[in-house]
Amino acid sequence: MDHADRLKRLKFRAWHRGTKEADLLIGGFFDRFSADWSDAETEWFERLLEIDDVSIMAWAIGTEAPPADVDGPMMQRMQQLDYIPIAK
């Protein structure tokens, strides 16, 4: 599967998590940063999507420390939370 097709698939999975909060966090992260991802970063995100939303959200908001296999530059970027659209 080429990179563009992988990203289309990941976008759908990122925005259809099951809760609005998870959609905004994970989908918002995807929308903001995925255009610049390397293959390694895309693979990291694919692995992340296999994890339950509660864990991803806890790691992103800092209520739990992410495990070593998830922690790193991508998770640190996710933890900034400046990519989530906030309605006014």
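Treat the numbers as computed from the prediction; the structure is a model and nothing was measured.

Engineer: Account for the overall build of the chain, naming residues and giving values.
Structural biologist: In terms of regular secondary structure, the chain is built from 5 helices and 0 strands. Its helices and strands taken in sequence order, the chain reads α-α-α-α-α from the N to the C terminus. Taken against the 2.2 N^0.38 rule, which gives 12 Å for 88 residues, the C-alpha radius of gyration of the chain at 12 Å falls within 12% of a compact globule. Taking the principal axes of its C-alpha atoms as reference, the chain extends roughly 35 × 35 × 20 Å. Here the chain holds 88 residues, and 42% of them are scored as buried. Sequence separation of at least 24 residues holds for 53% of the intrachain contacts in the chain that already meet a minimum separation of 6. As displayed, the chain offers around 5400 Å² of accessible surface, 55% of which is attributable to carbon and sulfur atoms. The average position of the 11 basic charges and that of the 17 acidic charges among the side chains of the chain differ by 6 Å.

Engineer: Any chance you could break down the pattern of salt bridges for me, citing the residues and the numbers?
Structural biologist: Enumeration over the complete set of coordinates arrives at 5 salt bridges. For D53, the salt bridge is made with R17, and the minimal N-O distance between the two is 2.6 Å. Within this pair, whereas D53 is found in helix 4 (residues 53-61), its partner R17 is found in the loop between helix 1 (3-15) and helix 2 (20-33), the two being separated by 36 residues in sequence. The same class applies to D53 and to R17, which are both buried.

About the criteria used
- The numbers attached to residues start from 1 for each chain and follow its sequence in the written order.
- Residue-level local features of this predicted model are given only where pLDDT is at least 70; pairs of side-chain atoms are given and counted only at 80 or more, and the full residue set underlies all totals for whole chains, interfaces and linings.
- Hydrogens and water are ignored here; the side-chain numbers use all heavy atoms of the structure.
- A run of DSSP states H or I qualifies as a helix once it reaches four residues; a run of E qualifies as a strand once it reaches two. Both are numbered from the N-terminal end.
- For the radius of gyration, the atom set is restricted to C-alpha positions; the globular benchmark scales as 2.2 Å times the number of residues to the power 0.38.
- Note on classification: 1.4 Å probe, protein chains only; a residue is buried when its accessible area is under 20% of the maximum for its type, exposed when over 50%, partly exposed between these limits.
- A contact between two residues is defined here by any heavy atoms of the two lying within 4.5 Å.
- Each accessible area is a Shrake-Rupley result for a 1.4 Å probe, and residues are judged covered by the shown protein chains and nothing else.
- In this tally Asp and Glu are treated as negative and Lys and Arg as positive; neither His nor the chain ends contributes.
- Throughout, a charge is located at the NZ atom of Lys, the CZ atom of Arg, the CG atom of Asp or the CD atom of Glu.
- A pairing counts as a salt bridge when a side-chain nitrogen of Lys or Arg comes within 4 Å of a carboxyl oxygen of Asp or Glu.

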